[in-house]
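Overview (structure and organization)
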Amino acid sequence: MIDPSFLYDEILTEEEKQIIDTAKEFGGEYFTEDSVRLWYEEGGVPNHVMEAYRDTGLGLLGLTPRLGGVRASFTAQAMVVETLSKYAGAALPMQSQISCMNVMSRFAREDQIKTMLDAYAKTAYPGFSLAFADDETGSDFQSYKTAVFKEGGTYILRGRKAFVNNGMFMPNVLVIAKNMVDYDDILTAPFNIWLVPRTQEGVSAYPINTIGQRITPASALKFDNVELDPSWQIGTEELSPQNIFELSQIVRTMTCANSLGMAQAALEDAVTYSQTHVIRNRPIATFQQIAEMLVDMQIDVSNIRTMLYEATYAIDKGAEKIPLVVSLLKKYAPSAAVRVADKAIQIFGGVGYTDSTRVSRIWIDSRANQIIGGTDQIMTILGAKGIAKYYSK
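1. Quick notes on the pairing of strand S3 (residues 154-165)
In this sheet, S3 lies alongside strand S2 (residues 147-151) in antiparallel orientation, the contact comprising five bridges. Across the sheet, Glu151 pairs through a bridge with Thr154, a residue of S3. Where S2 hands over to S3, the hairpin turn is made up of two residues, of which Gly152 adopts a positive phi near 60°. Pairing of S3 with strand S7 (residues 218-228) involves eight bridges; the strand directions are antiparallel. Counted as the bridge partner of Ile156 is Glu227 from S7.

2. Considering the layout of surface pockets
Unoccupied space between atoms shows up once a probe the size of one water molecule is rolled over them. Taken as a whole, the second largest pocket holds about 480 Å³ of empty space. Lining the second largest pocket we find 27 residues, and of these Pro126, Gly127, Phe128, Pro171 and Asn172 sit closest to its centre. When contributions to the lining of the second largest pocket are tallied by element, the ones reaching two or more residues are helix H7 (110-120) and strand S5 (191-197). With five residues, H7 is the single largest residue contributor to the lining of the second largest pocket.

3. Brief notes about the nonpolar core
Counting residues in hydrophobic clusters, the biggest one holds 103 residues, and the most contacted among them are Phe31, Tyr53, Leu84, Leu174, Ile193, Leu247 and Ile347. Sorting elements by how many residues they give to this core places helix H8 (residues 241-276) first, with 16 residues. Non-local contacts of Leu174, meaning those with residues more than four positions away in its chain, are made with Cys100, Val103, Met104, Phe128, Ser129, Leu130, Ala131, Ile193, Trp194, Leu195 and Ile234. Counting residues in hydrophobic clusters, the runner-up holds 15 residues, among them Leu221, Phe223, Val226 and Leu228.

4. Description of the packing of aromatic side chains
Any aromatic ring pair is given by two values, namely how distant the centres are and how the planes are angled relative to each other. If you walk through the whole model with that rule in mind, you get nine aromatic pairs. Between Phe31 and Trp39, the ring centres sit 5.7 Å apart and the planes meet at 80°, which makes this aromatic pair edge-to-face. Here the aromatic rings of Tyr390 and Tyr391 are separated by 5.1 Å at their centres, their planes lie at 85°, and the arrangement is edge-to-face. An aromatic cluster is built from Phe26, Tyr30, Phe31, Trp39 and Tyr53, whose rings are joined through pairwise contacts. Over the ring of Tyr144 we find Lys161, and its NZ or CZ is 3.9 Å from the ring centre. Directly above the aromatic system of Tyr40 lies the positively charged group of Arg361, at a separation of 5.9 Å from the ring centroid.

5. Here we look at the pattern of salt bridges
Any two side chains of opposite charge can pair, on the condition that their charged atoms come close. Taken as a whole and judged by the stated rule, the model has 15 salt bridges. With a shortest N-O distance of 3.4 Å, Glu33 and Arg37 are connected by a salt bridge. Here Arg37 and Glu33 lie together in helix H3 (residues 33-42), a separation of four residues that amounts to about one turn. You can call Arg37 partly exposed: its relative accessible area is 28%. Glu268 serves as the salt-bridge partner of Lys86, at 3.6 Å between the closest nitrogen and oxygen. Here the residue Lys86 occupies a position in helix H5 (residues 74-88), and Glu268 occupies one in helix H8, the gap between them amounting to 182 residues.

6. Considerations on the environment of Glu136
Positionally, Glu136 belongs in the loop between strand S1 (128-131) and S2. According to the relative accessible area criterion, Glu136 is exposed, its value standing at 61%. In sequence terms Glu136 and Thr354 are 218 residues apart; their C-alpha atoms lie 34 Å from each other. One polar contact links Glu136 to Lys145, side chain to side chain, over a distance of 3.0 Å.

7. Some points on the side chain of Glu16
Its place among the elements puts Glu16 in helix H2 (residues 14-30). An unpaired buried charge is present at Glu16: no salt bridge exists, and Arg71, the closest side chain of opposite charge, is 8.2 Å distant. Residues contacting Glu16, with those up to four places away along its chain left out, are Ile11, Arg71, Ala72, Ser73 and Ala76.

8. Some remarks on empty space enclosed by the protein
Across all of its chains, the model carries one cavity of 30 Å³ or more by this definition. Each pocket or cavity is described by its volume, and for the largest cavity that value is around 110 Å³. Those elements giving two or more residues to the lining of the largest cavity turn out to be helix H6 (93-107) and S1. A total of five residues in the lining of the largest cavity trace back to one element, the largest contributor, which is H6. A per-class count over the lining of the largest cavity returns eight nonpolar, five polar and no charged.

9. Quick notes on H7
Of all the positions in H7, only Gln112, Ile113, Met116, Leu117 and Tyr120 are classed as buried. Buried residues of H7 fall within an arc of 130° about the axis and therefore sit on the same side. Those residues of H7 that are exposed and angled more than 90 degrees off the buried face are Lys114 and Thr115. Contacts made by the buried residues of H7 are with helix H4 (47-55), H6 and S1.

About the cut-offs
- Residues numbered from 1 in each chain as written.
- Predicted model: local features only at pLDDT ≥ 70, side-chain atom pairs only at ≥ 80, totals over all residues.
- Heavy atoms only, no water.
- Pairing = 2+ DSSP bridges.
- Helix = DSSP H or I, 4+ residues; strand = E, 2+ residues; numbered from the N terminus.
- 1 Å grid on protein atoms, 1.4 Å probe; cavity = no way out; pocket = protein on both sides within 12 Å on 5 of 7 lines; lining within 4 Å.
- Points joined across faces, edges and corners; volume = space filled by probe spheres on them.
- Core = buried A, V, L, I, M, F, W, Y, C linked by side-chain atoms within 4.5 Å.
- Buried < 20%, exposed > 50% of the residue type's maximum accessible area, 1.4 Å probe, protein only.
- Contact = heavy atoms within 4.5 Å.
- Phe/Tyr/Trp six-rings, centres within 6.5 Å; stacked < 30°, edge-to-face > 60°.
- Lys NZ or Arg CZ within 6 Å of the ring centre and 35° of its normal.
- Salt bridge = Lys/Arg side-chain N within 4 Å of Asp/Glu carboxyl O.
- Polar contact = N/O pair within 3.5 Å; in protein donor to acceptor, adjacent residues only side chain to side chain.
- Lys, Arg positive; Asp, Glu negative; His and termini not counted.
- Nonpolar A, V, L, I, M, F, W, Y, C, P; charged D, E, K, R; others polar.
- Arc of directions from axis to C-beta.

Structure, rendered in structure tokens:
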């Protein structure tokens, strides 16, 4: 792998570099191909692996030290996701967990954080999934129909959420919903976040049979007149569309970190295969068309890495260009990762189209990232707006 240290030697602290080393050790120990393939078939990471992840301290990434978390920049958090995704060659629950921790860190009250950490110390997971995308409107959060109303003094949640990772298994769900308690127009109403027990009456969860990303099984959730305890609201303030947009940037960036790790894995597998697979007494890596594919793959991987860490560094610094660089990253990275995986399959030939190599799994998991958190087409619209604003100064 080309050493990316030029991107972060002057950015990461020594403590953060140790966190990355811990992720490498964890990935090397637990993410063997035999294990990952089994998890893919069974639909999840075993509890003992998630407990080991928690015990390394990596499970608290995204939560600030003041709240009991780990001191790590957003750049370091993304590097952990990249590292683990490369070892696994698959989408993992870790990037979703880090996103959830960032949500809690930014908006939850300290007593809510303490309750979550107490539960996490006893279990393999923090105890909640993130219900972000609406069933009908996806990541177009301003058009959300999931909303909280107040009827007869009782808070009532109605709506549907889709593609909630581990939504059927986590005991609680972080639900982003419109606030219709104090507002009449759902299109302009602000948002609240609620931590809703999955067993609460009126909450229903259904599996979504996706063709990929099976280690993080997706669910659809229905909230049918769910009565809410006011203490379940995360924080006390209303959230503006800008707040939700900032949360979406976290999810999108972590999705791209996963894409980078998987693309790097596909590239490395293709290089190894092309150097060891011999036809007519020559490694296929010496054939011009194979060499061209490998070069194109490396260019894509390097570009994803540069764009990813430009975006994470901007988020760490609170830079004005965050919306632009994140939308451009999300537009480019998942589709580039698919191109890399596609070329890897081509280099492997027929065996690449089977489940005996992981490049086919990488392709199918990477393809989903072109949809998660906002499609390529939505990112084009957001990117164009960002470009116009950036150059109008």
